[in-house]
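Reading the structure
Here is what each chain is made of, one letter per residue.
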Amino acid sequence: MKTHFIAIGGSAMHNLAIALKDKGYQVTGSDDAIFEPSKSRLEKKGILPQEMGWFPEKITPDIDAVILGMHAHQDNPELARAKELGLKIYSYPEFLYEQSKNKTRVVIAGSHGKTTITSMILHVLNFHQKEVDFMVGAQLEGFDCMVKLTQDNDFMVLEGDEYLSSPIDLRSKFLLYQPNIALMSGIAWDHINVFKTFDDYIDQFRKFVASITAGGVLVYNEEDAEVVKVVENAENYFRKIPYKTPEYEINNGKVYLKTEMGDVPLSVFGAHNLLNLEGARHICRQLGIMDEDFYEAIMSFKGASKRLEKVEREDKGTLYKDFAHAPSKVKAAVKAFAEQFKNDKKYGFLELHTYSSLNPAFLEQYDHAMDGLEEAVVFYSEDALKIKRMEPISPEFIKEKFKNEKLRVFTNAEDLHAYWNTLDKTDGVYLMMSSGNFGGLDLTK
């Protein structure tokens, strides 16, 4: 099968391209810019475009599938040529469905926790050498690629994202998967640039639940009121399995899960991660993994990439980075950090740089998000606001919305870096929350 990727360099797209190459497909692609690690990984597989840019002549009648990335625009010249030739054009999730429509599809959805839960499930399955196809949004220890596609595996585990599918398909990605088994971890308003109201956002999850195949299974977080409402109001038939935070304790900085089989030591911490773990356990049950085998495997799970991930520093200071930037994720990460390091001085840094997080109307959601930290810092770039054509935001406004008068607010990278350099990183513990890089801050030094 011959496939062509428009915007092959994206974090998700390049992994799918590699998976198809490994499956034996003929793969080509284009992009206007490709960064690391995508560039090296594509080059290693021999599918890195020779030059950057869009080339309509690459779109030929013998192409079986054109896969369109979210990074491309509606007026992309390669897309126009594909339409002109009448080629089959797929969005990323649409193509994944095509690859898995004859398999049992397991879809993990939710505003937060879905990457970690999917990672936990795959870790357990890999530990017990149970082969499945998958797509996950983070690089996992023991896995070469974030996507795996085969002819033979019976199951496909998919991280279900509610963001848009492609520039020409404005449906939420997870609405294309039609799960046989699903999980919903939580609902907290996100992607305000696309979903203008909270109800519009919730409606995507109503549609997701409605897309579960007849007689399917939904594992859901019974501690989340919005999730419970969506599940209770669903009109289609499926089996409902609720889950909640399990019992645990912290002894000498180590988290132990309380189970019928005794205390299970874990390598992750935080109530939200224990809640994620419980959801993963219920999904693994559906895949034939008994609880005893789940606990044996989960002890060695060290976390998904950039989710409360420990950074090895030259000075041996204690520092964790977390992808958290949405309000619910920030609150969960800070709460976990405060609980785990209750006797240490805690520093927390948050970078706001997404469209949603810099929207004045959305900033209300961050109230008390940094409470529980001795030193709390928020950084956002005034230049980023200009690039996004957004109105200026004052540090005082940030403090007001976070309801934290002690908050330190920096609006340019130089000042943030200067403050960072005054701190003794061996004095206290550090939590760095961002989907960016704090203006180029090196967290290892």
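Described in the following lines is the structure provided in the data block. (Residues numbered from 1 in each chain as written. Predicted model: local features only at pLDDT ≥ 70, side-chain atom pairs only at ≥ 80, totals over all residues. Heavy atoms only, no water.)

With respect to the pairing of strand S13 (residues 238-243)
As a reminder of what qualifies: In this analysis, strands are considered paired if DSSP registers two or more bridges between them. Only DSSP runs of H or I covering at least 4 residues are called helices, and only runs of E covering at least 2 are called strands; the numbering of each starts at the N terminus.
As defined by bridge partners, strand S12 (residues 216-221) adjoins S13 across 6 bridges and the pair is classed as parallel. Of the residues in S13, the one forming a bridge with Val-219 is Ile-241.

Re the pairing of strand S20 (residues 375-379)
Inclusion rule: Three exposure classes are used, based on accessible area relative to the maximum for each residue type with a 1.4 Å probe and protein chains only: buried under 20%, partly exposed in between, and exposed over 50%.
For S20, the tally of buried residues reaches 5 of 5 residues, placing the bulk of the element in the interior. Side-chain alternation along S20 places Glu-375, Val-377 and Phe-379 on one buried face and Ala-376 and Val-378 on a second face that is also buried. When strand S19 (residues 346-351) meets S20, the two strands line up parallel, connected through 5 bridges. In the strand pairing of S20, Glu-351 is matched with Phe-379. Summarising the sheet, S20 and strand S21 (residues 408-410) pair through 3 bridges and their orientation is parallel. Across the sheet, Val-378 pairs through a bridge with Val-409, a residue of S21.

Regarding the sheet that holds strand S6 (residues 133-135)
Operational definition: Contacts between residues were defined by any pair of non-hydrogen atoms, one from each residue, lying within 4.5 Å. Here an angle of 0 to 180 degrees is reported between the N-to-C directions of two axes, which are lines fitted to C-alpha atoms, with helices fitted over the stretch in contact.
Across the sheet, 7 strands lie side by side as S7-S6-S8-S5-S11-S12-S13; this open sheet has mixed pairing. At either margin of the open sheet sits one strand with a lone partner, and together these are strand S7 (147-148) and S13. The sheet contact formed by S6 and strand S8 (residues 155-160) spans 3 bridges and is parallel. Bridge pairing in S8 links Asp-133 to Met-156. Along the sheet, helix H6 (residues 198-210) makes contact with strand S5 (104-109), strand S11 (181-184), S12 and S13, crossing S11 at roughly 155°. Here helix H8 (residues 271-286) sits on the sheet and contacts S5, S11, S12 and S13; the angle it forms with S13, its principal contact strand, is near 145°.

Some words on unusual backbone geometry
Following Glu-36, the chain continues to Pro-37 via a peptide bond in cis, the omega torsion being 5°. Topologically, Pro-37 is positioned in the loop between strand S2 (26-30) and helix H2 (38-44). The phi torsion at Gln-178 lies on the positive side, around 50°, for a residue other than glycine. With respect to the element layout, Gln-178 can be found in the loop between strand S10 (169-172) and S11. Assessed through its relative accessible area of 34%, Gln-178 is described here as partly exposed. Phi is positive for Lys-316, close to 65°, though the residue is something other than glycine. Residue placement: Lys-316 occurs in the loop between strand S17 (309-311) and strand S18 (318-322).

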